[in-house]
Amino acid sequence: MKIALIGYGRMGHEVEAVALAKKHQIVLRVDRDNPADMERLKSSGADVAMEFTTPATAFDNIRKCLEQGVPVVSGTTGWNDRMDEIHRLCRSVDGAFFHAANFNIGVNIMFHLNRELARIMNQFPRYEPSIEETHHTRKLDAPSGTAVVLAGDLLERYPGKKAWELNETSGKDKLLVRAFREGDVPGTHVVRYESPNDRLELIHTAFSRKGFAEGALLAAEFLRGKKGVFGMHHLLKLDNTGRS
Ligand SMILES: NC(=O)c1ccc[n+]([C@@H]2O[C@H](COP(=O)([O-])OP(=O)(O)OC[C@H]3O[C@@H](n4cnc5c(N)ncnc54)[C@H](O)[C@@H]3O)[C@@H](O)[C@H]2O)c1
């Protein structure tokens, strides 16, 4: 595949390394210093664009990919408020868009288990649910996009909690989501249920960014020849209730 890298930071470099190892070709690199090169997407011959930038830039980058007819895989988090707009644009131009808050396969299995666990734990109100995430200090959004998915999925299946709140809660009906920033942690997520007597936890620990890059490449290969809006539940076929 011919790949355009939109965002050439930590994830852009990681995706490049995995793509080259799989004999794909990088035909364009766009970063903060050369945003005008977004206009060269189509002429670069890219089969797919891989977008890992910032919450403030993702929407416009993805829009430009779709308007030029280039399928786009995005992993940028922190811009969920405009996701529906992109979905509508994708459908209106008959384009192809794949987004995941987390491309790691293990995390997506955790999403599946989190939904099942919430459904079960809803019957045992002595267990108080909470979510915790830890990432490197340069991460721009908090809580992480992954924690937002975990919280949203839990809330859908746990009627005693009406909304999540960050770092402290204003009442019993709120789900606590804690975000920690330390060192170079690639991403650790915990879903916890605690009673006065015991604690049950789902924990996922990423060792490096390679797992994200490999998942994003699988998404790009999956997107080939398809039209529409896709997420990891389409790729992994764990169930059809996932959000991303
Ligand atoms: N979905 C996943 O699996 C996953 C995994 C890791 C990170 N992320 C997310 O991906 C995003 C990028 O993460 P990162 O660790 O690579 O960050 P990073 O800061 O290392 O890289 C972001 C890059 O985007 C560039 N950039 C800024 N404005 C741009 C623009 N207008 N056009 C093109 N490039 C621009 C920056 O110069 C930088 O090189 C973040 O939102 C992060 O949360 C997602």
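Residues numbered from 1 in each chain as written. Predicted model: local features only at pLDDT ≥ 70, side-chain atom pairs only at ≥ 80, totals over all residues. Heavy atoms only, no water.

Concerning the overall build of the protein
At step 1: The helix and strand tally for the protein stands at 7 helices and 11 strands.
At step 2: Relative to the globule expectation of 18 Å for 244 residues, the C-alpha radius of gyration of the protein, 18 Å, shows essentially globular dimensions.
At step 3: For the C-alpha atoms alone, the extent of the protein along its principal axes is close to 60 × 40 × 30 Å.
At step 4: A total of 244 residues make up the protein; the buried ones form 51% of that total.
At step 5: The long-range share in the protein, meaning contacts at least 24 apart out of those at least 6 apart in sequence, stands at 66%.
At step 6: As displayed, the protein has an accessible area near 11,700 Å², and 51% of this comes from carbon and sulfur atoms. (Helix = DSSP H or I, 4+ residues; strand = E, 2+ residues; numbered from the N terminus. Rg over C-alpha atoms; globule rule 2.2 N^0.38 Å. Buried < 20%, exposed > 50% of the residue type's maximum accessible area, 1.4 Å probe, protein only. Contact = heavy atoms within 4.5 Å. Areas by Shrake-Rupley, 256 points an atom, 1.4 Å probe, with all protein chains shown as cover.)

Concerning the site of the ligand
At step 1: Among the 22 residues in the neighbourhood of the ligand, the closest are listed as Arg-10, Met-11, Asp-31, Thr-77 and Phe-103.
At step 2: A distance of 2.6 Å is found between an oxygen atom of the ligand and a side-chain nitrogen or oxygen belonging to Asp-31.
At step 3: One nitrogen or oxygen atom from the main chain of Ala-100 is found 3.0 Å from a nitrogen atom belonging to the ligand.
At step 4: Across the complex, the protein chains shield 85% of the 860 Å² of accessible surface that the ligand would expose by itself.
At step 5: The residue inventory of the shell around the ligand, partitioned by class, reads 8 nonpolar, 10 polar and 4 charged. (Near = heavy atom within 4 Å. Polar contact = N/O pair within 3.5 Å; in protein donor to acceptor, adjacent residues only side chain to side chain. Nonpolar A, V, L, I, M, F, W, Y, C, P; charged D, E, K, R; others polar.)

Some details on the domain arrangement of the protein
At step 1: The assigned domain composition of the protein is domain 1 (2-103 + 209-236) and domain 2 (105-205).
At step 2: Here domain 1 and domain 2 have C-alpha centroids that lie 27 Å from each other.
At step 3: Tallying the contact residues gives 14 residues for domain 1 and 15 residues for domain 2.
At step 4: For the pair domain 1 and domain 2, the two sides together bury roughly 1,100 Å², of which 56% comes from carbon and sulfur.
At step 5: Ranking the residues of domain 1 by area buried against domain 2 places Arg-10, Asn-102 and Arg-209 at the top, with a combined share of 40%.
At step 6: Linking domain 1 to domain 2 there are 1 salt bridge.
At step 7: Of the charged contacts in the structure, one is a salt bridge between Asp-184 and Arg-209, with a shortest N-O distance of 3.6 Å.
At step 8: Linking domain 1 with domain 2 are 4 residue pairs in polar contact (both at pLDDT 80 or more), by the criterion used here.
At step 9: Secondary-structure elements contributing two or more residues to the side of domain 1 that touches domain 2 are helix H6 (210-223) and helix H7 (232-236).
At step 10: Each residue belonging to the side of domain 1 that touches domain 2 can be placed in one class, and the counts come to 7 nonpolar, 5 polar and 2 charged. (Domains from an automatic or database assignment. Buried area = accessible area lost by both parts, 1.4 Å probe. Salt bridge = Lys/Arg side-chain N within 4 Å of Asp/Glu carboxyl O.)

Some thoughts on the pattern of salt bridges
At step 1: The final tally for this structure, using the stated rule, is 20 salt bridges.
At step 2: Among the ionic pairs, Lys-172 bridges to Glu-128, the shortest N-O distance being 3.0 Å. With a gap of 44 residues between them, Lys-172 in the loop between strand S7 (163-166) and strand S8 (174-181) and Glu-128 in strand S6 (residues 128-135) connect regions that are remote in the sequence.
At step 3: What emerges from the salt-bridge pattern is a single network uniting Glu-132, Arg-178, Arg-192 and Glu-201.

Re the pairing of strand S5 (residues 96-99)
At step 1: On S5, burial covers both faces: Ala-96 and Phe-98 on one face and Phe-97 and His-99 on the other are all buried.
At step 2: Between the parallel elements strand S4 (residues 72-74) and S5, the chain passes through helix H3 (residues 83-92) in a crossover that is right-handed.
At step 3: Judged from the 3 bridges that link them, S5 and strand S11 (residues 228-230) form a sheet pairing that is parallel. The residue of S11 that forms the bridge with Phe-97 is Val-229. (Right-handed = clockwise from strand over helix to strand, strands pointing away. Pairing = 2+ DSSP bridges.)

Remarks on the side chain of Thr-77
At step 1: You can see Thr-77 is positioned in the loop between S4 and H3.
At step 2: Of note is the side chain of Thr-77, whose polar atom sits 2.8 Å from the side chain of Asp-141.

Things to note about the sheet that holds strand S1 (residues 2-6)
At step 1: The strand order across the open sheet formed by 6 strands is S2-S1-S3-S4-S5-S11, and the pairing between neighbours is parallel. The open sheet is flanked by strand S2 (25-30) and S11, the only strands paired with a single partner. Geometrically, the sheet is characterised by an average inter-axis angle of 20 degrees between neighbouring strands, direction not taken into account.
At step 2: Of the pairings in the sheet, the one linking S1 to strand S3 (residues 48-51) comprises 4 bridges and is parallel in character. Looking at S3, one finds that Ala-4 is bridged to Ala-49.
At step 3: In the packing of H3 onto the sheet, contacts are made with S5 and S11, and the angle to S5 comes to roughly 155 degrees. (Axes fitted to C-alpha atoms, helices over the stretch in contact; angles between N-to-C directions.)

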